[in-house]
Amino acid sequence: MSIVVLTSAGSAPGVTTTALGLALTWPRPVLLVDADRTPTQAVLAGYLRGEHPGQRGFGRLLQAARERRPMAEVLDDEAIELPPLLETDTPARFLPGFPHPGVVGLFGSAWPELMAALAEWPGDVLIDAGRVGAEGLPLPLTQRADLVLMVTGTSLVALAGLRLYLGGVRDAAGETALLLVGGGRPYGRAEVQGQFAITIAGEVTHAPAQAAVLSDGAPRPRRFADSAYVRSLRQAAGSIAGRLEASRELIGTRR
């Protein structure tokens, strides 16, 4: 299917919460991958409320690579199922990230094999790459992605950070687009698009109380399912998934 990498510049809203929200509202089977090189285990501690994945995740993938076992053969066993946001949602799975900061540096040579394994996953893949960082994203992520989404707010501080990093991401990736969180705070979609001359693939409503359900495992506020936040996630997920589907049909081949 398709691989989407989500990342952000400094002072941007939580890319992890946004990636999780998209995965939980994605219209097709999807795998969410925690590839943040500044490990926080935010999904495990927040939405999954402290669930311990055992040894599953990037640590065991690295072990498999060192033992010359194909990652594609062990990937399914390393992923866990995410509780659905709503009962009617398509099931999503989650691949936990680095178990310790020390593992990040050891993973450098394993990125190409991981991306090759993810390309064989029987569904779409959303990769939470965290913040870009001064060294940029690992090249295998950007080169194998069907789409790289820069998640950004619309404040002057957020857009200033975006300007610093967007050029490097666009140079390293194929198709790149923006995902706005909190349009009109204060700059709107048209203003951002005009300033950066880049496609805006979707927009998520700024709603801290609702977003805390995903980021912190907070109790659901009243009418959560019908909230503007959940509707915006579902609309953004549908729009991005539709864009990828149209691109595949145009190319006529699977990546």
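Residues numbered from 1 in each chain as written. Predicted model: local features only at pLDDT ≥ 70, side-chain atom pairs only at ≥ 80, totals over all residues. Heavy atoms only, no water.

### Focus: the confidence of the model for the protein chain
Residues of the protein chain with pLDDT of at least 70 account for 97%, and the chain-wide mean is 92. Mean pLDDT values over the elements of the protein chain span from 91, in helix H11 (residues 228-251), up to 98, in strand E2 (residues 30-34). (pLDDT = per-residue confidence, 0-100. Helix = DSSP H or I, 4+ residues; strand = E, 2+ residues; numbered from the N terminus.)

### Some details on the side chain of Ser2
Within the secondary structure, Ser2 sits in the segment before strand E1 (3-8). Judged by relative accessible area, Ser2 falls into the buried class, the value being 2%. Not counting the four nearest positions on each side in its chain, Ser2 is found in contact with Gly123, Asp124, Val125, Asp146, Leu244 and Arg248. (Buried < 20%, exposed > 50% of the residue type's maximum accessible area, 1.4 Å probe, protein only. Contact = heavy atoms within 4.5 Å.)

### Comments concerning the packing of aromatic side chains
Under the criterion given, the structure shown has six aromatic pairs. Note on Phe58 and Trp111: the rings are 6.1 Å apart at their centroids and 70° apart in plane angle, and the pair reads as edge-to-face. With Phe58 in helix H3 (residues 58-66) and Trp111 in helix H6 (residues 111-119), the pair connects residues that are 53 residues apart, well separated along the chain. Put simply, the rings of Phe58, Phe98, Phe107 and Trp111 touch in pairs and so form one group of aromatic residues. (Phe/Tyr/Trp six-rings, centres within 6.5 Å; stacked < 30°, edge-to-face > 60°.)

### As for the sheet that holds strand E7 (residues 176-181)
Within a sheet, each strand pairs with its neighbour through backbone hydrogen bonds, oriented either parallel or antiparallel. Pairing in this open sheet of eight strands is mixed, and the strands run E3-E4-E2-E5-E1-E6-E7-E8 from one edge to the other. Each edge of the open sheet is held by one strand with a lone partner, namely strand E3 (80-82) and strand E8 (200-204). If you compare each strand with its neighbour and ignore which way they point, the axes differ by 25° on average. By the bridge criterion, five bridges tie E1 to strand E5 (residues 124-131) in an arrangement that is parallel. (Pairing = 2+ DSSP bridges. Axes fitted to C-alpha atoms, helices over the stretch in contact; angles between N-to-C directions.)

### As for the nonpolar core
Counting 46 residues, the largest nonpolar core has Val33, Phe58, Phe107, Leu118 and Ile127 as its most contacted members. Counting residues per element, this core draws most heavily on H6, which supplies six residues. In terms of nonpolar packing, the next biggest core, distinct from the first, is built from 42 residues, Leu6, Ala92, Leu179 and Leu244 among them. (Core = buried A, V, L, I, M, F, W, Y, C linked by side-chain atoms within 4.5 Å.)

### A closer look at the pairing of E5
Along E5, seven of the eight residues are buried, which leaves the element largely enclosed by surrounding structure. With five bridges joining them, E2 and E5 adopt parallel strand pairing. By the bridge assignment for E5, Leu32 is matched with Leu126.

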